[in-house]
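Close look at the chain arrangement
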Amino acid sequence: MADTLYLVIPCYNEEQVLPETSKRLTKKLQGMIDGGTVSAQSRILLVNDGSRDRTWEMICELHTKNPLFSGLKLSRNKGHQNALLAGLMTAMPLCDMAISLDADLQDDVDVIDGFVAEYYKGNDVVYGVRNKRDTDTVFKRTTAVGFYKFMKALGVDIVENHADYRLMSKRALQGLAEFTEVNLFLRGIVPLIGYKSSVVKYDRHERFAGESKYPLKKMLAFAFDGITSFSVKPIRLITALGFVIFAISMLVLLYALVVWLMGKTVAGWTTLVGSIWMIGGIQLLCLGVIGEYIGKIYGEVKRRPRYIIEDFLQ
């Protein structure tokens, strides 16, 4: 018997694109059900993230007309990552696998078959990875590539050119539920689960209609959340900088003393220069040490699971 698939789609002010999105997803999922790839209990779960337009009314209409559609309404706008998590956690007890994708039709729905094929091969997580970024502006393409490389340099396990188009099995979703942090960066959390994974390549399209829900301000905030949630290396760079400046201050102090002994300075110059460099180095060093302790506390309060068991032979 085929497994149950849930397509989880966060929606925020998507009334312009929802008619076409629902049409394409219905065709895709119904075709997979008819072909026996997934079970008849499979559903399209639309998550209304506090939309101000007719998005929820349209979701209710779709649910009434077509049993393939389910709807989830959040009490207020909580952001894309929270809406996505709410949908995945709602789908978890009802499905064998769930695929998350955006409502704007930029994610190619035709590769859903590829996701499911990889799932049946034994992969618990399947990442949708873009072949290229031709649809992005030069600025967005440059900053996105730079962000992924920067995250890699900080030691974060992240899949390059992957957004939130991915398949997760039920047990991968159960593993995700173990992560209780509030500041969500699912692209960094999902690889921490550690189950067998694979990649499906696809071409990302232009947005079908409406406006992007990720303007520059939100993109920067999202990137900052990712950096601060998964690495304390910035704190350690401050510590290292403190050590370097403190060492330089010792050399400057030695130089100032030599110059003073040679009688080539004005009154107070040696004390002033030595004090400025030494105090600056000590301050940065102390901030770095304090930051190390704060970094450990930050990691503790996230209450991430220490481990996730994949199998147990008794």
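The rules behind each value
- Residues numbered from 1 in each chain as written.
- Predicted model: local features only at pLDDT ≥ 70, side-chain atom pairs only at ≥ 80, totals over all residues.
- Heavy atoms only, no water.
- Patch = residues over 30% accessible without salt bridge, like charges linked within 9 Å, V, L, I, M, F, W, Y side chains within 5 Å.
- Areas by Shrake-Rupley, 256 points an atom, 1.4 Å probe, with all protein chains shown as cover.
- Salt bridge = Lys/Arg side-chain N within 4 Å of Asp/Glu carboxyl O.
- Helix = DSSP H or I, 4+ residues; strand = E, 2+ residues; numbered from the N terminus.
- Core = buried A, V, L, I, M, F, W, Y, C linked by side-chain atoms within 4.5 Å.
- Buried < 20%, exposed > 50% of the residue type's maximum accessible area, 1.4 Å probe, protein only.
- Pairing = 2+ DSSP bridges.
- Polar contact = N/O pair within 3.5 Å; in protein donor to acceptor, adjacent residues only side chain to side chain.

Among the surface-exposed residues, Val 244, Ile 248, Leu 272, Ile 276 and Trp 277 lie close enough to one another that they form a single nonpolar patch of about 460 Å² accessible area. Elements with a contribution of two residues or more to the nonpolar patch: helix H9 (233–261) and helix H10 (269–301). Examining the composition of the nonpolar patch, we find that 3 residues originate from one element, H10, more than from any other. Within the secondary structure, Ile 276 is located in helix H10.

Turning our attention to the nonpolar core. Among the nonpolar cores identified, the biggest contains 32 residues, and Leu 5, Leu 7, Ile 9, Leu 46, Ile 99, Ile 112 and Val 116 are the most heavily contacted of them. Elements supplying a minimum of two residues to this core: strand S1 (5–11), helix H1 (18–34), strand S2 (43–48), helix H2 (55–65), strand S4 (97–100), helix H4 (112–120), strand S6 (162–169) and strand S7 (197–202). Within the second largest apolar cluster, 29 residues are counted, among which are Leu 88, Val 129, Ala 172 and Val 190.

A few words now on the pairing of S4. Side chains Met 97 and Ile 99 project from S4 onto one buried face, and the interleaved Ala 98 and Ser 100 project onto a second face that is buried too. In terms of strand pairing, S1 meets S4 through 4 bridges, oriented parallel. When the bridges of S4 are listed, Leu 7 appears paired with Ile 99. Looking at chain direction, S4 and S6 are connected through 4 bridges and run antiparallel. Counterpart to Ile 99 in the pairing with S6 is Leu 167.

Position of Asn 123 relative to the elements: it lies in the loop between H4 and strand S5 (125–130). Among the polar contacts listed, one links the side chain of Asn 123 to the backbone oxygen of Glu 118, at a separation of 2.9 Å. A distance of 3.5 Å separates the side chain of Asn 123 from the side chain of Ser 198, its partner in a polar contact.

Coordinates in, geometry out; function isn't part of it.
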